[in-house]
Amino acid sequence: MDQQEIKDIFESFFRKYKKTEGDDNTYTAFWSDITPKGKVEIAMTRCPADTTFKFYFKNKKVDEVKEWEGFFPALEKFEKEYNEAFDKEAFFSGMQDMT
């Protein structure tokens, strides 16, 4: 799965499942996968100023980056550090199935 496919899946998922964060300008959508090695989650928050991505492992935030330019290097790092629990193909395929 290439970067454009991942971006398209996440954007489509975000449009369908975004929830407001207390005001009408900030929205968040997240996807999680529970594996035998632990829960992995990625959240996308969009407000007028920027887009933020947060990465979680076992309910603990392990990284936070801004914009798509920061997302893909962080995704690669997340995949390397938590490869026992995070399968990028399975994660985004599951997200895609929900759109």
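This one's a predicted model, so the numbers in the text were calculated from it and none came from an experiment.

Enquirer: Explain the packing of aromatic side chains residue by residue, including any values.
Expert: This structure, assessed with the given rule, holds 18 aromatic pairs. Measuring from ring centre to ring centre gives 6.3 Å for Phe-10 and Phe-92, while their planes differ by 55°; the resulting arrangement is tilted. Highlighted residues: Phe-10 in helix H1 (residues 3-17) and Phe-92 in helix H3 (residues 88-97), separated in sequence by 82 residues. When its relative accessible area of 0% is taken as the criterion, Phe-10 is described as buried. Here the aromatic rings of Phe-53 and Trp-68 are separated by 4.7 Å at their centres, their planes lie at 55°, and the arrangement is tilted. Placement of Phe-53 in strand E4 (residues 51-57) and of Trp-68 in helix H2 (residues 67-81) is noted, with a sequence separation of 15 residues between them. Residue Trp-68 is classed as buried on the basis of its relative accessible area, which comes to 10%. Directly above the aromatic system of Tyr-27 lies the positively charged group of Lys-18, at a separation of 4.9 Å from the ring centroid. Its end group placed over the ring of Phe-14, Arg-46 keeps NZ or CZ at 5.2 Å from the ring centre.

Enquirer: An account of the pattern of salt bridges is requested, with residue identities and associated values reported.
Expert: Two side chains carrying opposite charge are able to pair once their charged atoms lie near each other. Following the criterion strictly, the structure yields six salt bridges and no others. In this structure, Lys-61 and Glu-64 form a salt bridge, with 2.6 Å as the shortest nitrogen-oxygen distance. Judged by its relative accessible area of 42%, Lys-61 falls in the partly exposed class. In this structure, the salt-bridge partner of Lys-88 is Glu-79, at a minimum N-O distance of 3.9 Å. Overall, Glu-79 belongs to the partly exposed group, its relative accessible area being 27%.

Enquirer: Can you lay out H1 for me, pointing to particular residues and giving the numbers?
Expert: If you check H1, its first and last C-alpha atoms are 21 Å apart, about what 15 residues at 1.5 Å a residue would give, namely 21 Å. Along H1, the positions that sit buried rather than exposed are Ile-6, Ile-9, Phe-10, Glu-11, Phe-13 and Phe-14. Of the surrounding elements, those touching the buried residues of H1 are strand E2 (27-35), strand E3 (38-46), E4, H2 and H3. Between the side-chain oxygen at the start of H1 and the backbone nitrogen of Gln-4 there is a gap of 3.2 Å, and the oxygen is on Asp-2.

Conventions we followed
Residues numbered from 1 in each chain as written. Predicted model: local features only at pLDDT ≥ 70, side-chain atom pairs only at ≥ 80, totals over all residues. Heavy atoms only, no water. Phe/Tyr/Trp six-rings, centres within 6.5 Å; stacked < 30°, edge-to-face > 60°. Helix = DSSP H or I, 4+ residues; strand = E, 2+ residues; numbered from the N terminus. Buried < 20%, exposed > 50% of the residue type's maximum accessible area, 1.4 Å probe, protein only. Lys NZ or Arg CZ within 6 Å of the ring centre and 35° of its normal. Salt bridge = Lys/Arg side-chain N within 4 Å of Asp/Glu carboxyl O. Expected span 1.5 Å × (residues − 1). Contact = heavy atoms within 4.5 Å. Polar contact = N/O pair within 3.5 Å; in protein donor to acceptor, adjacent residues only side chain to side chain.

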